[in-house]
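# A structural walkthrough
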Amino acid sequence: MAEMKILIFGQCPACNSYESEIVERNTESDSHWFLELSKRKYNGCMNDWQSLFPLDIHHCLSCSHLWYYRQPDQSSLVQMYNNGIVLNPVKIAKRPSWRMRKEMKTLYELVKHRYQDNKPRLLDFGSGRGLWAHAAQENGFEVTAYEPSAIRSTSGIRSDGFRLTNCLEDLGEQKFHAVNIEQVLEHLPQPVETLKAVLDYCLDKALIRITVPNIGREKTRPGFWNDFPFDGQHIHLMSPFEHLQGFTQNSLGCAARRAGLSPVRHIDLWLKYPAYSIRRLIGRTITRLSTTMIIAEPRK
Ligand SMILES: [Zn+2]
């Protein structure tokens, strides 16, 4: 097994600021729950990752983003994911939920308004087990699902009705009318670089829908850090090293803008996504009402 390399992230991965403070420090002497997490979820593959201690989580003083200062290299992360199991398998959904279908219907209507194309193409980037790809396909999109983990993409529902690939290069020169990036960026060491790569597959007026867990809202919950890094049952929102990034509404906006995206401000969005639009407006000042969904387009 290759030796793990430690990568250091001194700047905010969202806004690039150097100004940060440590908000959580888990030292090797309190590594009990880290080892429990390794044993129960990852088949013990993180048992020897003591060199990553202390588990320092930084908070950006500029955009309130959270991130791990020390991170395992890419091949160690892949090894971790390949060993990962779902802790509560009873709760695994087999079909897209009502909310997923509604979201993809709304996105389809917005895209149709821009392109008048009967079969607009959607790229589901980081498609996991394919539930969102199914919801998009059912609502009229021609769907390509990209999931880098071959294990994850074949452990879920059938991929009939849409194209599934584990290799981004397979997409060639293809451009899409819409991209769905659902709960993906929090797993990545360099989310801005990934968003820039996604832009290569977008048409000029493409819509890019991004969602991430709302750490800005969740960390206001009393006891948020008490069950870090693991409570024995549930994955923490900053679980090492599955969630490398903790986004706020502000930090997600910063990351999107640095990647070359602009939030869509068209009147259509207010009509189709009224709750989202209102929360984006007031979430700037009232964190518990903020949203970490963004509907963006390539900046002109
Ligand atoms: Zn920042």
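See the structure printed just above.
Residues numbered from 1 in each chain as written. Predicted model: local features only at pLDDT ≥ 70, side-chain atom pairs only at ≥ 80, totals over all residues. Heavy atoms only, no water.

## A short note on the packing of aromatic side chains
- If you walk through the whole model with that rule in mind, you get 10 aromatic pairs.
- An angle of 55 degrees between the planes, with centres 5.0 Å apart, marks the rings of Tyr68 and Phe241 as tilted. A residue pair is termed long-range when its members are at least 10 positions apart, and Tyr68 in strand β4 (residues 66–68) and Phe241 in the loop between α7 (215–218) and β11 (245–246) qualify at 173 residues.
- Seen in terms of ring centroids, Trp225 and Phe228 are 5.4 Å apart; in terms of plane orientation they differ by 80 degrees. Their pairing is edge-to-face.
- By relative accessible area, which is 21% here, Trp225 ends up partly exposed. (Phe/Tyr/Trp six-rings, centres within 6.5 Å; stacked < 30°, edge-to-face > 60°. Helix = DSSP H or I, 4+ residues; strand = E, 2+ residues; numbered from the N terminus. Buried < 20%, exposed > 50% of the residue type's maximum accessible area, 1.4 Å probe, protein only.)

## Focus on the coordination of the zinc ion
- Looking at the zinc ion, one finds its protein donor set to be Cys12 (SG), Cys15 (SG), Cys60 (SG) and Cys63 (SG), positioned 2.2 to 2.4 Å from the metal centre.
- Around the zinc ion sit four donor atoms, and with donor-metal-donor angles ranging over 103 to 115 degrees the site reads as tetrahedral.
- Of the residues examined, Cys60 reaches a relative accessible area of 1% and is grouped as buried. (Donors = N, O, S within 2.8 Å, 3.2 Å for Na, K, Ca; no water. Tetrahedral: all angles 85-135°; square planar, octahedral: opposite > 155°, others 65-115°.)

## Considering the packing of helix α6 (residues 191–199) against helix α8 (residues 249–259)
- The N-to-C vectors of α6 and α8 enclose an angle of 50 degrees; their axes lie 8 Å apart at closest approach. With respect to each other, α6 and α8 are oriented oblique. Viewed along their axes, α6 and α8 form a crossing whose handedness is right-handed. Between α6 and α8, the contacting residues are Val192, Leu195, Lys196 and Leu199 on the first element and Ala255, Ala256, Arg258 and Ala259 on the second.
- Partitioning the contact of α6 with α8 into residue classes produces six nonpolar, no polar and two charged. (Axes fitted to C-alpha atoms, helices over the stretch in contact; angles between N-to-C directions. Parallel < 35°, antiparallel > 145°, perpendicular 65-115°, else oblique. Left-handed = near helix turned anticlockwise from the far one by under 90°. Contact = heavy atoms within 4.5 Å. Nonpolar A, V, L, I, M, F, W, Y, C, P; charged D, E, K, R; others polar.)

## Things to note about the sheet that holds strand β6 (residues 121–125)
- Taken in spatial order, the seven strands make up an open sheet running β8-β7-β6-β9-β10-β13-β12, and their pairing is mixed. At either end of the open sheet lies a strand with only one pairing partner, and these are β8 (163–165) and β12 (261–263). Sheet twist, expressed as the average angle between the axes of neighbouring strands with direction ignored, equals 25 degrees.
- Helix-sheet contacts for helix α4 (residues 131–138) involve β6, β7 (142–146), β9 (176–182) and β10 (202–211), and the interaxial angle to β7 is about 170 degrees. (Pairing = 2+ DSSP bridges.)

## Here we look at the layout of surface pockets
- In this structure, the second largest pocket spans a volume of roughly 340 Å³.
- When residues in the lining of the second largest pocket are grouped by element, the largest group, four residues, is from α8.
- For the lining of the second largest pocket, the per-class residue count stands at two nonpolar, 11 polar and five charged. (1 Å grid on protein atoms, 1.4 Å probe; cavity = no way out; pocket = protein on both sides within 12 Å on 5 of 7 lines; lining within 4 Å. Points joined across faces, edges and corners; volume = space filled by probe spheres on them.)

## A few points about unusual backbone geometry
- Along the chain, Phe53 connects to Pro54 via a cis peptide bond; the corresponding omega equals -5 degrees.
- Mapped onto the fold, Pro54 is located in the loop between α1 (32–42) and β3 (55–60).
- Along the chain, Phe228 connects to Pro229 via a cis peptide bond; the corresponding omega equals 0 degrees.
- Along the chain, the position of Pro229 falls in the loop between α7 and β11.
- Despite not being glycine, Asn16 has its phi angle at roughly 80 degrees, a positive value.

## Brief notes about the packing of helix α3 (residues 98–115) against α4
- Between α3 and α4, whose axes approach to 8 Å, the crossing angle comes to 50 degrees. Taken together, α3 and α4 sit at an angle that is classed as oblique. Crossing handedness for the pair α3 and α4: right-handed. On the side of α3, the interface is formed by Arg99, Met100, Arg101, Glu103 and Met104, while α4 contributes Leu131, Trp132, Ala135, Ala136 and Glu138.

## Some details on the sheet that holds β4
- In spatial order, the strands read β2-β3-β4-β11; together these four strands make up an open sheet with antiparallel pairing. Unpaired on one side and paired on the other, β2 (20–26) and β11 mark the two borders of the sheet.
- The sheet contact formed by β2 and β3 spans six bridges and is antiparallel. Residue pairing across strands places Ile22 opposite His58, the latter belonging to β3.

## Considering the side chain of Thr165
- For Thr165, the location among the structural elements is in strand β8.
- Leaving out residues up to four positions away in the same chain, Thr165 has contacts with Thr144, Ala145, Tyr146, Glu147, Asp170 and Leu171.

## A look at helix α2 (residues 74–83)
- Taken as a whole, α2 has its buried residues at Ser76, Leu77 and Met80. Looking down the long axis of α2, one finds its buried residues gathered within 100 degrees of arc, a one-sided arrangement.
- Packed against the buried residues of α2 are α1 and β5 (70–72). (Arc of directions from axis to C-beta.)

## With respect to the pairing of strand β13 (residues 293–298)
- Most of β13 is tucked away, with six of its six residues classed as buried.
- Judged from the four bridges that link them, β10 and β13 form a sheet pairing that is antiparallel. Bridged to Ile210 within β13 is Ile294.
- Pairing of β12 with β13 involves three bridges; the strand directions are antiparallel. Looking at the pairing, Pro263 lines up with Ala296 of β13.

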